[in-house]
Amino acid sequence: MAKLTFSAEEEEKLIEVIQKNSVIYDLAHPKYKNTIYKDEIWIDIANTTGKSVEDCKKKWKYIRDTHNRCKRKLCTGSASSAKKHWPLADRVSFLNSVENERSSESNMGSHSEEGTIDTLNIG
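Residues numbered from 1 in each chain as written. Predicted model: local features only at pLDDT ≥ 70, side-chain atom pairs only at ≥ 80, totals over all residues. Heavy atoms only, no water.

K.L.:
Just checking my understanding: could you explain the packing of aromatic side chains for this structure?
P.N.:
Both the distance between ring centres and the angle between the ring planes are used here to describe each pair of aromatic rings. This model, assessed by the stated rule, comprises 2 aromatic pairs. A ring pair is formed by Tyr-25 and Phe-94, whose centres lie 5.0 Å apart and whose planes are at 65°; its orientation type is edge-to-face. Taken together, the residues Tyr-25 in the loop between helix H1 (8-19) and helix H2 (35-49) and Phe-94 in the segment after helix H3 (53-73) connect sequence positions 69 residues apart. On the accessibility criterion, Tyr-25 (8% relative accessible area) is buried. Between Trp-60 and Phe-94, the aromatic rings sit 6.5 Å apart at their centres with planes inclined by 10°, giving stacked as the arrangement. On the criterion of sequence distance, the pair formed by Trp-60 in helix H3 and Phe-94 in the segment after H3 is long-range, its members being 34 residues apart. For the pair Trp-60 and Phe-94, a shared accessibility class is recorded, and that class is buried. (Phe/Tyr/Trp six-rings, centres within 6.5 Å; stacked < 30°, edge-to-face > 60°. Helix = DSSP H or I, 4+ residues; strand = E, 2+ residues; numbered from the N terminus. Buried < 20%, exposed > 50% of the residue type's maximum accessible area, 1.4 Å probe, protein only.)

Take a look at the structure:
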């Protein structure tokens, strides 16, 4: 498998083009679930960056996942100088204003403080 290589300038261009196409990253976008529409957007992104659609998608997933990891760990550079600053943190800060992670829900019952599952007594 070939290594996915993007120069710093190509990463910047990819982020810039994706930022203008919120359907790619904004779960609240009306066409977010329209895969045909999004496929057309990805083709435009690939043409603009000069990379393949697959490479653009993989690189964006890496960038988005790194952003989400850093957000959880506060490694944006603002929390502490001891934390490592991710160079693209400021460039992808637009992701902070959208819901870009699906919420996970559990089908487990709620637990009481003693660690037992609370049940509803009808009777």
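K.L.:
Any chance you could explain the pattern of salt bridges here in plain terms?
P.N.:
If you walk through the whole model with that rule in mind, you get 9 salt bridges. Across the salt bridge formed by Glu-10 and Lys-51, the nearest N and O atoms sit 3.5 Å from each other. Of the two residues, Glu-10 is situated in helix H1 and Lys-51 in the loop between H2 and H3; the sequence distance between them amounts to 41 residues. (Salt bridge = Lys/Arg side-chain N within 4 Å of Asp/Glu carboxyl O.)

Such coordinate-based values are descriptive only and should not be taken to indicate function.
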